[in-house]
Structures are given as C-alpha cells and as structure tokens.
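Residue strings, one per chain:
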Number of protein chains: 2
Amino acid sequence: MSSQAKAGDDAPYELIYWPGLPGRGELVRVLFEEAGVPYTDSAKGARDDAVSAVLGYISPDNEGDANNPPVFAPPILKHGSLVLHQSSNILLYLAPRLGLAPAPGDPGLLHLNQIVLTILDGLVSEVHETHHPVAVSAVYEDQKPEAKRRSRAFRDERLPKYLGYLQRLLDAKTSGQGPWLYRDQLTYADLVLFQSVDGTLYAFPKTMDKLKRSGKYAGVFELYDAVKQRPNIKAYLASDRRAAYSGGIWRCYPELEED
Amino acid sequence: MSSQAKAGDDAPYELIYWPGLPGRGELVRVLFEEAGVPYTDSAKGARDDAVSAVLGYISPDNEGDANNPPVFAPPILKHGSLVLHQSSNILLYLAPRLGLAPAPGDPGLLHLNQIVLTILDGLVSEVHETHHPVAVSAVYEDQKPEAKRRSRAFRDERLPKYLGYLQRLLDAKTSGQGPWLYRDQLTYADLVLFQSVDGTLYAFPKTMDKLKRSGKYAGVFELYDAVKQRPNIKAYLASDRRAAYSGGIWRCYPELEED
C-alpha cells in the first residue's frame with residue numbers, strides 16, 4: 001500500500017495557488033517565510049499564467065499521475081515528484097521538514113494537527129461561510145440577508161467560542177512557558193493562528209476589537225503580536241510577496257458587523 | 001518539541017462520543033469494526049453517563065493534562081496516555097496501526113489524509129450546513145428558508161462536484177485495479193467514503209438515487225457496496241452497536257429535496 005511518490009528532498013518547494021489574494025495559500029507561505037526557505041509561488045507570475053496553473057491541476061481532465069492522485073482544490077504543493085493538496089495536509093508534510101513540528105509518528109505532530117484543524121474550521125472556513133452561507137456559486141450580493149444572520153451568530157457565538165478554546169490551549173500545561181500554543185517553541189500552529197487571526201481582524205475589525213478589549217483572550221492576541229514581530233514574518237509582511245486582502249475568504253463587508 | 005504523550009500500544013482504544021446517533025463517531029467506529037479490533041465506546045453506556053463523558057472533556061474547566069492539550073469537540077480518542085480529537089486526526093493515528101494505511105512518514109498516508117479531508121468537507125460538513133446554514137445554535141425549524149436554499153445548491157452543485165471528484169480518484173492511475181480509492185487494498189479512505197455516502201443516502205435519498213442512476217459515479221456506488229459487503233462491516237451494520245440515524249449531521253427532511 002506504500003506510495004511510490006518520493007519526497008523531493010533536494011527539489012524546490014512549489015506552491016500553486018490563485019493570484020491576487022492571500023487566501024489559503026497564505027497558510028503555506030507563512031511557513032516558508034518564517035523558516036527562510038526558498039519556494040516558488042505560481043500566484044506571483046502573470047495573472048493568466050497563475051490562473052492556468054491552478055486550473056490545470058483541478059480540471060476534470062487531470063487524472064494525476066502514477067504517483068499522485070488528482071487534486072480537488074488549491075492550495076497545491078509540489079515537491080519533487082510529490083503533489084499534495086488540502087491546506088492542513090500540506091502543512092503536516094512541511095512543518096516537520098521546516099523545523100516547525102515534531103517528526104511524523106510523534107504524538108506531538110498529531111496534537112499540532114488537531115489544533116490547526118480547529119483553527120482552520122473556526123477562523124477560515126466559518127469566516128468564509130459568513131459571506132457565503134447558502135451558495136458558494138452565488139455572489140455575496142445575492143445572499144446578503146442570510147449573510148447578516150450567519151455573521152451575527154459568528155460574531156456572538158462561534159468566534160468567541162473558538163477564541164476561548166485557543167485561550168484554553170494557551171492556559172494549558174501543554175503550552176509551555178512562552179507565548180506559544182504547544183510546548184516551548186514556535187510551531188506551525190502558531191503561524192496558522194497568526195494568519196487566521198490576521199484575516200479575521202481584516203474581516204471583522206470592530207468585533208475583534210471588542211473581543212480584544214474584553215481581556216478574555218489576551219494570550220491569543222499576544223501570540224498574534226509575537227508572530228507578527230518575528231524578523232522573517234515582519235520582513236515578509238512589508239514585502240511585495242504579501243498580497244493585500246481582496247475577495248476570497250477574508251472580506252470586509254461593514255454591514256456584516258451591524259445588527 | 002517532542003510530545004511526552006506516548007502511544008498506548010497495549011492499552012485499549014477508547015472512543016468518547018455523543019450517544020444516540022452515528023455522527024462523526026461513526027467515522028472512527030468503522031475502522032475498529034473493519035479491523036476487528038476491540039474498543040470501548042462511551043456512547044453505548046447509560047445516556048447520562050455518555051453525555052457526561054463528552055462534557056467532561058469539552059468543558060472550559062478541562063485544561064487537558066501535562067501530555068495532552070484540552071479538547072475542542074468530540075469525537076475523542078483515548079489510547080493509553082494519549083488523547084486526540086478532530087475526526088481526520090484520530091483516523092490519521094489509527095489507520096496505520098490498524099493496517100488501513102501506510103506508516104507515518106510515507107507520502108501515501110498524506111494522500112489518504114487529503115482524500116479523507118475532502119470527503120469530510122463535502123459529505124459531512126457540507127451536509128450539516130444544509131440544515132444549519134445560518135446558526136448552529138438555532139434549531140433547524142428557525143432556518144428553514146435558508147436551509148432550502150443551501151440544500152438546492154448542495155444537491156445541484158456541491159454534491160455532484162464531490163462525487164465527480166471521488167469518481168476521478170477511482171479513474172486515476174493511483175487507484176489500482178480493485179474497487180478502492182488508493183492502490184490495490186482497502187484503506188481507511190474507503191471506510192470514510194462508505195460512512196459518508198451512507199449518511200448522505202439517508203439525508204438526500206431522492207437526490208442520491210438520481211445521481212446514482214445518471215451512471216456518472218458508478219465507481220463510487222460500487223465502492224460503497226463493496227465496503228458494505230465486507231464481512232466485519234456487514235456484521236457491524238446488523239448489530240446493535242450501529243446506531244440508527246437520528247439528528248446530528250445526517251438528517252432526513254423531505255422538504256430539503258423539493259425545489
């Protein structure tokens with residue numbers, strides 16, 4: 001049952017993602033940037049080429065190859081002959097190689113994976129649902145009343161629930177002495193938290209400000225700031241490699257913060 | 001950064017989940033049942049005890065322990081001193097131990113994980129969204145118009161898209177000669193497909209019948225049947241260990257199949 005695909009140890013890391021917005025591709029980029037590891041990024045080429053790169057992978061005509069199943073959706077990672085998709089899965093592969101998680105087979109990697117999956121549920125997927133609650137195929141403007149209702153539940157119930165869980169993680173014995181979610185070193189879970197909180201701050205600025213001022217999630221916002229100040233992350237955020245928010249998952253519709 | 005939690009090789013497998021419905025707990029049970037491995041199941045005790053077992057883990061007062069971070073939501077797996085949550089994460093731990101996936105570190109396990117994540121997105125999370133599109137905290141009866149709209153998009157667009165992808169996986173070179181999703185042996189991805197299709201057949205019987213009769217997803221329904229006929233799965237489905245559908249993720253509201 002073993003795969004014939006080989007990890008491409010000396011091969012370059014290649015990220016394939018939509019151009020023009022951070023999106024889920026950003027969850028992968030922050031790992032490369034923090035680790036200072038070179039990578040190619042299809043989103044940075046000419047826009048048409050970047051779109052074609054993604055479409056080539058997700059086309060129904062693309063049957064994958066002998067080593068790799070076909071891809072459902074971006075982000076996509078290519079490393080040597082290995083092709084992976086699903087954000088949390090790409091991170092599970094990359095993080096141990098980049099010094100941002102224990103090795104495969106260590107229970108610590110599973111703990112980090114469960115934390116990452118929970119953050120992606122709460123601060124990525126559920127944020128996307130706030131502006132697309134009834135049809136992914138329809139534009140936001142065609143589902144505004146439903147979006148208002150979903151956003152209210154997100155602001156009042158879901159977001160505090162997820163931030164409360166993240167604070168519980170930071171208060172737990174497993175979070176160690178520093179600002180980090182797990183043990184005493186920065187891991188990829190901290191980078192995922194950073195990006196997800198950053199996107200949520202863009203999408204729901206007033207709500208996040210209120211939640212921050214409540215003081216209930218102080219550790220979460222301190223961790224966010226600690227990642228933002230990491231030299232490599234700071235340099236990345238100031239560079240033209242970092243795309244501005246625009247469409248995609250994290251969108252700012254002021255009416256979704258009104259009652 | 002290595003975890004101090006140890007896999008409990010000789011310890012019993014303990015599943016902690018809500019009583020009275022299959023839910024996401026079923027995604028874990030089908031692995032144990034296919035592998036013929038003993039496990040304890042909190043859902044099978046007295047109802048109050050079963051509810052208390054879950055609440056004990058997810059309570060904000062539960063800070064986990066020195067080896068394990070606190071839990072966000074069930075299903076929960078306890079194995080020796082190790083505690084895990086998030087369905088796909090539990091399966092990632094169990095499948096290699098139960099002979100249902102390659103070992104950690106093998107790219108094949110990452111391929112299976114990405115397939116499982118995609119099935120869970122499409123046939124579990126998105127099915128749940130059909131009856132709860134605007135507020136998890138509100139009952140279905142308070143979001144029926146929105147549920148109708150979300151269900152229409154699910155039936156017409158999302159469900160065919162996911163079934164089409166699963167068929168692409170079966171048509172791909174990586175699916176081997178047999179009925180299975182990946183290579184030539186049954187893996188845990190096949191079991192997850194079985195349970196997720198089974199739940200979707202319960203929730204959207206007319207839609208699934210129409211999609212089956214289209215012939216476009218023949219391999220998916222053949223795989224479903226092949227798993228259902230596995231001796232251990234067949235015995236399980238006929239036993240009182242298998243809970244009837246009732247509430248939770250997979251619900252049958254006939255009006256959600258009307259236009």
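So, how was this worked out
- Residues numbered from 1 in each chain as written.
- Chains lettered and ligands numbered in written order.
- Predicted model: local features only at pLDDT ≥ 70, side-chain atom pairs only at ≥ 80, totals over all residues.
- Heavy atoms only, no water.
- Helix = DSSP H or I, 4+ residues; strand = E, 2+ residues; numbered from the N terminus.
- Rg over C-alpha atoms; globule rule 2.2 N^0.38 Å.
- Buried < 20%, exposed > 50% of the residue type's maximum accessible area, 1.4 Å probe, protein only.
- Contact = heavy atoms within 4.5 Å.
- Areas by Shrake-Rupley, 256 points an atom, 1.4 Å probe, with all protein chains shown as cover.
- Lys, Arg positive; Asp, Glu negative; His and termini not counted.
- Charge placed at Lys NZ, Arg CZ, Asp CG, Glu CD.
- Pairing = 2+ DSSP bridges.
- Axes fitted to C-alpha atoms, helices over the stretch in contact; angles between N-to-C directions.
- Least-squares fit on C-alpha atoms with pLDDT ≥ 70 in both.
- UniProt positions renumbered as here; feature names shortened; annotations may be inferred.
- Buried area = accessible area lost by both parts, 1.4 Å probe.
- Salt bridge = Lys/Arg side-chain N within 4 Å of Asp/Glu carboxyl O.
- Polar contact = N/O pair within 3.5 Å; in protein donor to acceptor, adjacent residues only side chain to side chain.
- Nonpolar A, V, L, I, M, F, W, Y, C, P; charged D, E, K, R; others polar.

Here we come to the overall build of chain A. What chain A contains, in helices and strands, is 9 helices and 4 strands. Its helices and strands taken in sequence order, chain A reads β-α-β-α-β-β-α-α-α-α-α-α-α from the N to the C terminus. Rg of the C-alpha trace for chain A: 18 Å, near the compact-globule value of 18 Å for 259 residues, within the 12% margin. Taken along its principal axes, the extent of the C-alpha atoms in chain A is 50 × 50 × 40 Å. Within chain A, buried positions represent 58% of all 259 residues. For chain A, the share of sequence-separated contacts (at least 6 apart) that also reach a separation of at least 24 residues comes to 69%. As displayed, chain A has an accessible area near 9,800 Å², and 50% of this comes from carbon and sulfur atoms. In chain A, which carries 29 positive and 33 negative side-chain charges, the distance between the mean positions of the two groups comes to 6 Å.

On to the environment of Leu193 of chain A, then. With respect to the helices and strands, Leu193 of chain A occurs in helix 6 (residues 188-203). Between the C-alpha atom of Leu193 of chain A and that of Tyr224 of chain A, which follows or precedes it by 31 residues, the distance is 7.1 Å.

Right, let's talk about the sheet that holds strand 3 (residues 76-79) of chain A for a bit. Two pairing modes exist for strands in a sheet, parallel and antiparallel, and in both the strands are linked by backbone hydrogen bonds. Residue and element names in this part refer to chain A. Strand order in this open sheet of 4 strands is 2-1-3-4, and the pairing throughout is mixed. At either end of the open sheet lies a strand with only one pairing partner, and these are strand 2 (39-41) and strand 4 (82-85). Within this sheet the neighbouring strands show an average axis-to-axis angle of 20°, counted without direction. Where strand 1 (residues 13-16) meets strand 3, 4 bridges bridge the pair, whose relative direction is antiparallel. Residue pairing across strands places Glu14 opposite Lys78, the latter belonging to strand 3.

Attention shifts here to the relation of the copies chain A and chain B. Between chain A and chain B, which share one sequence, the superposing operator has a rotation angle of 180° and an axial displacement of 0.0 Å; the RMSD is 0.0 Å. Taken together, the rotation and translation describe the operation of a two-fold axis. Mapped onto chain B, 100% of the interface residues of chain A are again interface residues, and the two copies thus contact each other with one and the same surface.

Bringing the UniProt feature "domain: GST N-terminal" (unreviewed entry) in chain A into the picture now. With numbering matched to this structure, UniProt assigns "domain: GST N-terminal" (unreviewed entry) to residues 12-102 of chain A. Within residues 12-102 of chain A, the helical portion is 37% and the strand portion 16%, while the C-alpha atoms at the span's ends are 22 Å from each other.

To continue, consider the interface of chain A and chain B. Of the residues lining the interface, 75 residues belong to chain A; the matching set on chain B comes to 75 residues. Between chain A and chain B lies a buried interface of about 6,000 Å² when both sides are counted; carbon and sulfur atoms form 56% of it. Counting across the chain A and chain B interface gives 4 salt bridges. Linking Arg149 of chain A and Glu146 of chain B is a salt bridge whose minimum nitrogen-to-oxygen distance equals 3.0 Å. The tally of links from chain A across to chain B stands at 39 residue pairs in polar contact (both at pLDDT 80 or more). At the level of elements, helix 2 (47-58), strand 4, helix 3 (87-97), helix 4 (107-131) and helix 5 (144-171) of chain A are the ones that each hand at least two residues to the side of chain A that touches chain B. Ranked by the residues each element gives to the side of chain A that touches chain B, the list is headed by helix 5 of chain A, at 12 residues. Here the residues of the side of chain A that touches chain B sort into 35 nonpolar, 24 polar and 16 charged.

This part covers the environment of Ile76 of chain B. Residues and elements named next belong to chain B. Relative to the helices and strands, Ile76 is located in strand 3 (residues 76-79). Between the alpha carbons of Ile76 and Val28 there is a distance of 9.5 Å; along the sequence they are 48 residues apart. Dropping the residues within four chain positions of it, Ile76 is found in contact with Glu14, Leu15, Ile16, Tyr57, Val71, Val83, Leu84 and Ile90.

Take the pairing of strand 3 of chain A next. Regular strands show a simple pattern: their side chains alternate between the two faces of the sheet. Bridge count for strand 3 of chain A against strand 4 of chain A is 4 bridges, and the pairing is antiparallel. Of the residues in strand 4 of chain A, the one forming a bridge with His79 of chain A is Leu82 of chain A.

A word on the pattern of salt bridges. Taken as a whole and assessed by the stated rule, the structure comprises 24 salt bridges over all chains. The residue Glu129 of chain A makes a salt bridge to Arg150 of chain A at a minimum N-O spacing of 3.9 Å. Taken together, the residues span a long stretch of sequence, with Glu129 of chain A in helix 4 and Arg150 of chain A in helix 5 at a distance of 21 residues. Considered together, Glu129 of chain A and Arg150 of chain A belong to a single accessibility category, that of buried residues. Here Lys144 of chain B and Glu255 of chain B are joined by a salt bridge, their closest N and O atoms 3.8 Å apart.

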